[in-house]
Amino acid sequence: MTHCPVKRFGLGESNANQAFNIRYGPTATEFEIPSFKFHINLVGELNVRNALAVVACAKHCGLKNHQIQSALDTFKGIKRRMEVRGIAGGVTVLDDFGHHPTAIRETLRALRIKYPQQKVWAIFEPRTNTTRRNIFQSELASAFADADSVVISQVARLELLAPDERLNPEKLIFDLKTTGKNAAYLPDVDAIVAHVAKGAQGGEVVCVFSNGGFGGIHGKLLERLGRR
């Protein structure tokens, strides 16, 4: 049953609210609706979709296009979404809340736009109830397509899962390597920090994916990179 008005939004022609003529840039994005061109100070398709949802809701509530744009001009993004935690040794360390295949894939696609020439590292902690399990075993391998190097940590709270339910990090690494990806399974934070600090070069980007604190990995990475 429909208890409220329903209007779909997206990039396809079947949507009542459609974004088209999208122009992606490393620091900002533009998209159009039939009556207006919007500008956002964010990168990637995922942010176009989010902004389009805002436009649809705001217009339903009676706001004008220029009012919506004025609000979008002030929005700088949120914490833990491609958030720059620091730069050390020429390496940019990012924090991202991406904790399932779609979020990881779309964030890495956006990073490819933001950092088109740089090598991108992806460090992932399987921590949620779904990614700790083998529900996304195959989907996770394709989610890292836009990363140059991938590091997977040990599954969080491993002892609480039956062996046949757990994500298999070794298999995930094998699947990534079969596509030619540089990938490693390193159980603990200290090992990951040592691995990345040894391999990452100035100008490269390291994005940490976790919905938790991940053992303070961001600070440890920045500290280690800064004293190489």
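Our structure's up above, just so we're on the same page.
Here's what I pulled together on the structure shown here.

Rules behind the numbers
- Residues numbered from 1 in each chain as written.
- Predicted model: local features only at pLDDT ≥ 70, side-chain atom pairs only at ≥ 80, totals over all residues.
- Heavy atoms only, no water.
- Pairing = 2+ DSSP bridges.
- Helix = DSSP H or I, 4+ residues; strand = E, 2+ residues; numbered from the N terminus.
- Axes fitted to C-alpha atoms, helices over the stretch in contact; angles between N-to-C directions.
- Contact = heavy atoms within 4.5 Å.
- Buried < 20%, exposed > 50% of the residue type's maximum accessible area, 1.4 Å probe, protein only.
- Core = buried A, V, L, I, M, F, W, Y, C linked by side-chain atoms within 4.5 Å.
- Salt bridge = Lys/Arg side-chain N within 4 Å of Asp/Glu carboxyl O.

1. Overview of the sheet that holds strand β11 (residues 205-209)
So, point 1. Spatially, β6-β7-β11-β8-β9-β10 is the arrangement adopted by the six strands of the open sheet, whose pairing is mixed. Looking at strand neighbours, the two that pair on one side only are β6 (83-88) and β10 (182-185), the edges of this open sheet. Adjacent strand axes in the sheet meet at a mean angle of 15° when their direction is disregarded.
So, point 2. Looking at chain direction, β6 and strand β7 (residues 91-96) are connected through five bridges and run antiparallel. Among the inter-strand pairings, Val-84 is bridged to a residue of β7, identified as Leu-94.
So, point 3. Against the sheet, helix α5 (residues 169-178) touches β9 (149-152) and β10, its axis set at about 170° to β10.

2. Some details on the environment of Leu-225
So, point 1. Relative to the assigned elements, Leu-225 resides in helix α7 (residues 217-226).
So, point 2. A C-alpha to C-alpha distance of 30 Å links Leu-225 and Asn-47, two positions 178 residues apart in sequence.

3. Quick notes on the environment of Asp-95
So, point 1. Looking at the element boundaries, Asp-95 is found in strand β7.
So, point 2. Residue Asp-95 is classed as buried on the basis of its relative accessible area, which comes to 2%.
So, point 3. Once the C-alpha coordinates of Asp-95 and Cys-207 are considered, the two residues, 112 residues apart in sequence, prove to be 5.9 Å apart.
So, point 4. Dropping the residues within four chain positions of it, Asp-95 is found in contact with Arg-80, Arg-81, Met-82, Glu-83, Arg-85, Val-208 and His-218.

4. Quick word on the nonpolar core
So, point 1. If you look at the biggest cluster of nonpolar residues, it comprises 27 residues, and the most contacted ones within it are Ile-104, Leu-108, Leu-111 and Phe-144.
So, point 2. Only α3 (101-114), β8 (120-124), α4 (137-143), β9, α5 and β11 provide two or more residues apiece to this core.
So, point 3. Broken down by element, the residue count for this core peaks at four residues, all from α3.
So, point 4. In this view, Phe-144 contacts Ile-104, Leu-108, Ala-122, Phe-124, Val-150, Ile-152, Leu-176 and Lys-181; residues no more than four positions away in its chain are not counted.
So, point 5. Of all hydrophobic cores here, the second largest spans 21 residues; its members include Ile-123, Ala-197, Phe-214 and Leu-222.

5. Things to note about the pattern of salt bridges
So, point 1. All chains considered together, the criterion is met by 15 salt bridges.
So, point 2. Here Glu-32 ties to Arg-23 by a salt bridge, and the two come within 3.2 Å at their closest N and O atoms.
So, point 3. Classification of Glu-32 by relative accessible area gives buried; the value is 18%.
So, point 4. Given the relative accessible area of 35%, Arg-23 is considered partly exposed.
So, point 5. Of the charged contacts in the structure, one is a salt bridge between Arg-109 and Glu-106, with a shortest N-O distance of 3.0 Å. Here the residue Arg-109 and the residue Glu-106 both occupy positions in helix α3, the gap between them amounting to three residues, near one helical turn.
So, point 6. Shared partners join several salt bridges into a network, and the residues in it are Arg-23, Glu-30 and Glu-32.

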